[in-house]
Amino acid sequence: PTALNGTHLSSDNHSNEVNGQQHYVPSLSSGASTPASTASPGPVSAEVYFASHVAPKSLPENAEKIRSFVDRHMHEGRRVVLVTSGGTTVPLETQTVRFIDNFSAGTRGATSAEFFLEEGYAVIFMHRQFSLQPYSRHYSHSRNCFLEFMEADDDGIHVMPAYVDKMKSVLAKYRATQKAGTLLTLDFVTVNDYLFLLREAAQIISKMDVNAMYYLAAAVSDFFIPADKMSEHKIQSGDGLLNLSMDQVPKVLKPLVNDWTPKAFIVSFKLETEEALLPIKSRQALKRYGHQIVIGNILTTRKRVVKMITVDSESEIRLTPEEDEVQHIEIESRIVPELIKRHSEWIEDCGKHGRCG
Ligand code: PAZ
């Protein structure tokens, strides 16, 4: 889902004369819900996208970090999982004042990363800047501000006794992960940052062969404004309505599966708000991209129910009200072990048949 804060969208294309300057004013075209929109030409290929967009400046430095992380853990015989987390943005202007955001706090990704680490995986945590992160997530949310857990007296500052056990346990895991060097965090903001970083990471991780898993929980924009059509400066509000026309973001799962990292075990997420659409869209994705699992979730119930869908199976993980509300079990503690089991089967099958999938 996509939200545009404070900006009204309408459905006619036009360009706009502001202060004698011609500004590109995009128009909204999101299919059936916008009857006046032009017919969709479909997404450009990933190849065309990468050839016509500029890579983020941080890419070479991040590539180096990924390379040495992967080399080290491959050498030490660890499996690697790339977890994507949080939402991507779509800027409306090159000098960005406004942008469209995608819903995701990063809870799914950050929580899952902790469980992968506990199970011995090395984790590349590719997350939206300032979204939740493993370990710190327990205290960084406004409802869980760390100041609420502290008290001060003449001896200094302390954690309040009621919270010591939990904080000690989180801190111990955090320090152990730091010591082991099993967590690499990399951030993105825009969908462009995300696409370039994912491709770069996948091409490096591909040397892990079947020992790599992808856990694609980020909420990635479906529509964007191509660089050559974007307004350089802040779009002016003087003329009233803003009309947006957006292209479809290329479907990079296909080259990810087929070209960038063909032997990895790939899990994607599908978020819907209509229950009936979830299995249909999940199966469509599996068929279209040929990866191993889609985890389907509904916006309002995502913390207690998910569906795991493969080409020939469908199962559900559901927390009971007792588990959810009283024991505060996190559903990721059930999702991750199940995926690790399936990853092991994948590795075994690939070894037996000499080919994967
Ligand atoms: O980060 P969060 O816990 O708030 O939300 C997680 C999620 C719903 C974004 C994730 O589980 C998901 O479904 N990601 C894929 C979204 C999509 O279909 O684009």
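The following paragraphs examine the structure supplied in this document.

Definitions and limits used
Residues numbered from 1 in each chain as written. Predicted model: local features only at pLDDT ≥ 70, side-chain atom pairs only at ≥ 80, totals over all residues. Heavy atoms only, no water. Helix = DSSP H or I, 4+ residues; strand = E, 2+ residues; numbered from the N terminus. Buried < 20%, exposed > 50% of the residue type's maximum accessible area, 1.4 Å probe, protein only. Contact = heavy atoms within 4.5 Å. Areas by Shrake-Rupley, 256 points an atom, 1.4 Å probe, with all protein chains shown as cover. Near = heavy atom within 4 Å. Polar contact = N/O pair within 3.5 Å; in protein donor to acceptor, adjacent residues only side chain to side chain. Nonpolar A, V, L, I, M, F, W, Y, C, P; charged D, E, K, R; others polar. Pairing = 2+ DSSP bridges. Right-handed = clockwise from strand over helix to strand, strands pointing away. Core = buried A, V, L, I, M, F, W, Y, C linked by side-chain atoms within 4.5 Å. Axes fitted to C-alpha atoms, helices over the stretch in contact; angles between N-to-C directions. Expected span 1.5 Å × (residues − 1). 1 Å grid on protein atoms, 1.4 Å probe; cavity = no way out; pocket = protein on both sides within 12 Å on 5 of 7 lines; lining within 4 Å. Points joined across faces, edges and corners; volume = space filled by probe spheres on them. Phe/Tyr/Trp six-rings, centres within 6.5 Å; stacked < 30°, edge-to-face > 60°. Lys NZ or Arg CZ within 6 Å of the ring centre and 35° of its normal.

### Some details on the overall build of the protein chain
- When helices and strands are counted, the protein chain shows ten helices and 19 strands.
- Within the protein chain, buried positions represent 45% of all 357 residues.
- Within the protein chain, contacts between residues at least 6 apart in sequence are counted, and of these 74% link residues at least 24 apart.
- Of the roughly 18,500 Å² of accessible surface on the protein chain, a fraction of 51% belongs to carbon and sulfur atoms.

### What to know about the site of the ligand
- Not every one of the 14 residues close to the ligand is listed here, only the nearest: Ser104, Gly106, Ala217, Leu271 and Asn297.
- Here an oxygen atom of the ligand sits 2.8 Å away from a polar atom, N or O, in the main chain of Gly106.
- Within the backbone of Leu271, an N or O atom sits 2.8 Å from an oxygen atom of the ligand.
- Taking 470 Å² as the accessible area of the ligand by itself, protein coverage stands at 92%.
- Contributing elements (two or more residues each) for the shell around the ligand: helix H3 (107-118) and strand E16 (265-272).
- Tallied by class, residues from the shell around the ligand come to seven nonpolar, four polar and three charged.

### Quick notes on the pairing of E16
- The buried fraction of E16 amounts to six of the eight residues, a majority that puts the element mostly inside the structure.
- Two strands pair when backbone bridges link them, and E16 and strand E17 (residues 293-298) are joined in this way by six bridges, in the parallel orientation. Note on E17: the bridge partner recorded for Lys270 is Gly296.
- Viewed along the sheet, the connection from E16 through helix H8 (residues 277-289) into E17 turns out right-handed.

### A few points about the nonpolar core
- Residues Ile66, Ile124, Ile205 and Tyr214 are the most contacted members of the largest nonpolar core, which totals 54 residues.
- When residues in this core are grouped by element, the largest group, ten residues, is from helix H6 (residues 191-205).
- Filtering out sequence-adjacent residues up to four positions away, Ile66 remains in contact with Ile124, Leu184, Leu186, Leu197, Ala201, Ile204 and Ile205.
- In terms of nonpolar packing, the next biggest core, distinct from the first, is built from 36 residues, Val170, Ile295, Leu339 and Trp346 among them.

### Quick notes on the sheet that holds strand E12 (residues 212-216)
- With mixed pairing, the eight strands of this open sheet are ordered in space as E11-E8-E5-E12-E16-E17-E18-E19. One side of each edge strand has no neighbouring strand; the edge strands of this open sheet are strand E11 (183-188) and strand E19 (313-318). Each strand of the sheet is rotated relative to its neighbour by a mean of 15°, with strand direction disregarded.
- Across four bridges, the pairing between E12 and E16 is parallel. From the neighbouring strand, Tyr215 faces E16, where its bridge partner is Val267.

### Let's talk about H6
- Its 15 residues place the ends of H6 21 Å apart at the C-alpha level, agreeing with the 21 Å of an ideal helix rising 1.5 Å per residue.
- Burial of H6 is extensive: 13 of the 15 residues sit out of reach of the surface.

### Considerations on the layout of surface pockets
- In this model, the second largest pocket occupies a volume close to 480 Å³.
- Lining the second largest pocket are 21 residues, and of these Pro91, Thr190, Asn192, Asp193 and Met230 lie nearest its centre.
- At the level of secondary structure, the elements contributing two or more residues to the lining of the second largest pocket comprise strand E6 (89-91) and H6.
- Residues belonging to the lining of the second largest pocket are distributed by class as follows: 13 nonpolar, six polar and two charged.

### Some details on the packing of aromatic side chains
- Counted by the stated rule, this structure contains twelve aromatic pairs.
- For the pair Phe116 and Tyr215, a centre-to-centre distance of 5.3 Å together with 80° between the ring planes defines the contact as edge-to-face. Of this pair, Phe116 sits in helix H3 while Tyr215 sits in strand E12; the two residues are 99 residues apart in sequence, bridging distant segments of the chain.
- Since its relative accessible area comes to 0%, Tyr215 is described here as buried.
- Three or more aromatic residues joined by ring pairs form one cluster here, namely Tyr49, Phe50, Phe196, Phe224 and Trp260.
- Here the basic side chain of Arg199 rests over the ring of Phe50, its NZ or CZ set 4.0 Å away from the ring centre.

### Some words on the pairing of strand E18 (residues 305-310)
- In terms of residue burial, E18 counts as a mostly covered element, since six of its six residues are buried.
- Residue alternation in E18 divides its side chains into two sets, Val305, Lys307 and Ile309 and Val306, Met308 and Thr310, and both sets are buried.
- Where E17 lies against E18, three bridges are found, and the strand directions are antiparallel. Residue pairing in the sheet places Gly296 in a bridge with Lys307 of E18.
- The antiparallel pairing of E17 with E18 creates a hairpin that spans six residues between the two strands.
- When E18 meets E19, the two strands line up antiparallel, connected through six bridges.

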